[in-house]
Amino acid sequence: MKIVIVGIGGVTNSGKTTLASRLHAALPNSCVIHQDDFFKPQDQIPVGEDGFKRWDVLESLDMKAMLSTVKAWVQNPPKFARSHGVTVQPSASDTHILLLEGFLIYSYKPLLDFYTRRYFLTVPYEESKRRRSTRKYPIPDPPGLFDGHVWPMYQKYKREMEADGVEVVHLDGMKSPGDLFLQVLEEIQNSLLNCS
């Protein structure tokens, strides 16, 4: 059995979830883990000096639980898939793919060695802010959160990722979702062919 773990990271509202969902639909025996599913309860989210809840910091996520979930998949991908409602298709290659999607997936060092491929989506500041303003979150963004917390934290973690030498394939989040999907799908399929 061959396992492949693809990371899809990047700035808020750059198209990570859309890309992961489309890849999941196209790749047999694939599962998706969304980092957003590992936020701690709201009362455990730290509040900064500026009064904003610090949703965009690693400490707001239960990364140990996310790591345990990844390890459970690595241990037995077919069992994990079935327990999460994913149909497992027997195939000659017996390849299983895990898509890890999130805004800080390359900032938690214990996860870094698991990735087969790492993608990083970027969009300019103005576009990220525009897209975020159109999203409906369970807890709406208070005024000033994007400029005061979200964007500065993205820049901080991106600088740390680069300083740590985390190798990623940069993707332009301004491309159409269809073009991004086709580009990444082709790269994953080619890497699978080259490994077999």
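As a starting point, this report considers the structure included with it. (Residues numbered from 1 in each chain as written. Predicted model: local features only at pLDDT ≥ 70, side-chain atom pairs only at ≥ 80, totals over all residues. Heavy atoms only, no water.)

### Examining the nonpolar core
General note: in soluble globular proteins, nonpolar side chains tend to be found buried as a group.
Item 1. Counting 39 residues, the largest nonpolar core has Ile 33, Met 66, Leu 98, Leu 100, Tyr 106, Leu 111 and Tyr 115 as the members making the most contacts within it.
Item 2. Listed by contribution, the elements that provide at least two residues to this core are β2 (30–34), α2 (63–75), α3 (77–83), β3 (95–101), α4 (109–112) and α6 (145–163).
Item 3. Looking at which element gives the most residues to this core, the answer is α6, with eight residues.
Item 4. Contact partners of Tyr 106, with chain neighbours within four places excluded, come to Gly 7, Ile 8, Gly 9, Leu 112, Tyr 115, Arg 118, Tyr 119, Phe 120, Met 161, Val 166 and Val 168.
Item 5. Judged by nonpolar contacts, the second largest core, of 18 residues, contains Leu 23, Phe 181, Leu 185 and Ile 188. (Core = buried A, V, L, I, M, F, W, Y, C linked by side-chain atoms within 4.5 Å. Buried < 20%, exposed > 50% of the residue type's maximum accessible area, 1.4 Å probe, protein only. Helix = DSSP H or I, 4+ residues; strand = E, 2+ residues; numbered from the N terminus. Contact = heavy atoms within 4.5 Å.)

### Some thoughts on the pairing of strand β1 (residues 2–10)
Item 1. With seven of its nine residues buried, β1 lies for the most part within the structure.
Item 2. Inspection of the sheet shows β1 paired to β3 by seven bridges, in the parallel sense. Paired with Ile 8 across the two strands is Glu 101, which belongs to β3. (Pairing = 2+ DSSP bridges.)

### What about the packing of helix α5 (residues 125–134) against α6?
Item 1. Running from amino to carboxyl end, α5 crosses α6 at an angle of 115°, the nearest separation of the two axes being 12 Å. Relative to α6, α5 is oriented so that their crossing is right-handed. Residues Tyr 125, Ser 128, Lys 129 and Arg 132 of α5 form the contact with α6, whose participating residues are Leu 145, Phe 146, Asp 147, Val 150 and Trp 151.
Item 2. Of the residues contributing to the contact of α5 with α6, the split by class is five nonpolar, one polar and three charged. (Axes fitted to C-alpha atoms, helices over the stretch in contact; angles between N-to-C directions. Left-handed = near helix turned anticlockwise from the far one by under 90°. Nonpolar A, V, L, I, M, F, W, Y, C, P; charged D, E, K, R; others polar.)

### Description of the environment of Ser 107
Item 1. Along the chain, Ser 107 turns up in the loop between β3 and α4.
Item 2. Expressed as a C-alpha distance, the spacing of Ser 107 and Val 166, which sit 59 residues apart in the sequence, is 9.1 Å.
Item 3. For Ser 107, the contacting residues outside a window of four places in its chain are Leu 58 and Tyr 157.

### A short note on the side chain of Lys 16
Item 1. Structurally, Lys 16 is set in helix α1 (residues 16–26).
Item 2. In this structure, Lys 16 is in contact with Ile 8, Gly 9, Gly 10, Val 11, Glu 101, Gly 102, Phe 103 and Leu 121, ignoring residues within four places of it in sequence.

### A word on unusual backbone geometry
Item 1. With a phi angle near 60°, Asn 13 is a residue other than glycine that sits in the positive phi range.
Item 2. Summarising the element assignment, Asn 13 is placed in the loop between β1 and α1.
Item 3. Of note in this structure, Asn 29 is not a glycine but carries a positive phi near 55°.
Item 4. With respect to the helices and strands, the residue Asn 29 is situated in the loop between α1 and β2.

### Some points on the environment of Thr 95
Item 1. Along the chain, the position of Thr 95 falls in strand β3.
Item 2. The buried category is assigned to Thr 95, whose relative accessible area is 8%.
Item 3. Excluding residues that lie within four positions of it along the chain, Thr 95 makes contacts with Lys 2, Val 4, Pro 28, Asn 29 and Leu 192.

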